[in-house]
Amino acid sequence: FEDLSKELKIKQFKISADELAHSKIRQIQLFSVKDTEKLFITYYSAEGSGFTICTPDEQWENFEFTTFNQFNSELKTNHVYKIEVDMLSNIWIQYTPLEKAGVSRISVDNKWSSFTSFNSELGNSIVTNIVSEKDNDGVDGKNVWFVTQNGLSSLTYNSENNTTKEIWKLYGKKSSKGDFVMRFTGLEHLFTDAILNINSFSVLNDSVVFSNESGIYRFTGDNINTFVPEITGGIDKKYISAAEIFGNKIFTSVVRNTKSFEEITNIAVLNFETRNWNYISLYPVRKEYPVIIKYKYLDENYIIITLKYKISQDAVLLLNSNTLNFSSLNI
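Report follows, based on the coordinates. (Residues numbered from 1 in each chain as written. Predicted model: local features only at pLDDT ≥ 70, side-chain atom pairs only at ≥ 80, totals over all residues. Heavy atoms only, no water.)

1. Concerning the sheet that holds strand β3 (residues 51-56)
Moving on, step 1. Pairing is antiparallel in the open sheet, where four strands are placed in the order β1-β2-β3-β4. This sheet does not close on itself; its edge strands, each paired only once, are β1 (25-33) and β4 (63-68). Looking at each pair of strands side by side, their axes are set apart by 20° on average, direction ignored.
Moving on, step 2. Where β1 and strand β2 (residues 36-43) come together, eight bridges link them in antiparallel fashion. Considered in β2, the bridge of Phe-31 is made with Lys-38. (Pairing = 2+ DSSP bridges. Helix = DSSP H or I, 4+ residues; strand = E, 2+ residues; numbered from the N terminus. Axes fitted to C-alpha atoms, helices over the stretch in contact; angles between N-to-C directions.)

Written out as structure tokens, the structure reads:
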């Protein structure tokens, strides 16, 4: 492979009260906040450790660490799953699903706000993903999207006369006092049944794409397109897992649920331009179906796929994303 090696500088962070809050790191995310690059660090700790913002200098030689927790901030819980920074440089905090704490926001002027299903149009307070559009991408570059157990919600920033108005929309079911009440805000004219159990969400340059176990959905702001692969057949239940987008194609795995375990039978590939599905059988690789699959973007032509099996040795494939032909790599 050409141009795969890059010169890297590795900085080791010490674990102390002045720097990282815990040694078990869940995620390290890099965002630009008000034109300054910052690292956002979340943790796995059982007791919850909040999150840490690491601000490097221009040479990435010296670092300033600030940890937020329930004792020094307005966090609703110390169990933080991930961070998202929106197009206005507001910082969004997603809590772990078990906390049922909704989301919190730190505005550009350092004001805290928290949102649940009781004070916003979140479908419920179990938020499983936050994704922000950026300028000139997504539906119109003005939306922050929230995935909940009860479907999608969005917060839109509309700027008029030097003021910014926030508009919430719900595209699913509203949870209220244990009952589900259908809400047809926003997408009422596009589909009759709310799309629930969303397992992936991505922002493209002209739309947003999300999926659940039944299909893939593309929303442009004016209409929604539904793509359902051919996964029927046999006595075992089949469904598709979270989708991955590479160029103009979306890759998802067809999972068969047997009585004792789940296995992946095919890779289903949707071409957005032709709207056609193609299928890659995984059985020939090891004469066995894998139980775990991972995708890694290599370049505009190739994807690395890692397959894990119950019995056989792991396999690594180099997939040509144009021809959908693959070869095995000896790792």
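2. Let's talk about the pairing of strand β22 (residues 276-281)
Moving on, step 1. Summarising the sheet, strand β21 (residues 262-271) and β22 pair through six bridges and their orientation is antiparallel. Among the inter-strand pairings, Ala-268 is bridged to a residue of β22, identified as Tyr-279.
Moving on, step 2. Count of turn residues in the β21/β22 antiparallel hairpin: four residues, of which Arg-275 carries a positive phi of about 65°.

3. Focus: the packing of aromatic side chains
Moving on, step 1. The final tally for this structure, using the stated rule, is 22 aromatic pairs.
Moving on, step 2. Each ring, one from Phe-31 and one from Phe-40, has its centre 5.8 Å from the other, and the planes form 70°; the classification is edge-to-face.
Moving on, step 3. Taking the relative accessible area as the measure of exposure, Phe-31 reaches 16% and is therefore buried.
Moving on, step 4. When its relative accessible area of 0% is taken as the criterion, Phe-40 is described as buried. (Phe/Tyr/Trp six-rings, centres within 6.5 Å; stacked < 30°, edge-to-face > 60°. Buried < 20%, exposed > 50% of the residue type's maximum accessible area, 1.4 Å probe, protein only.)

These figures capture arrangement, not role.
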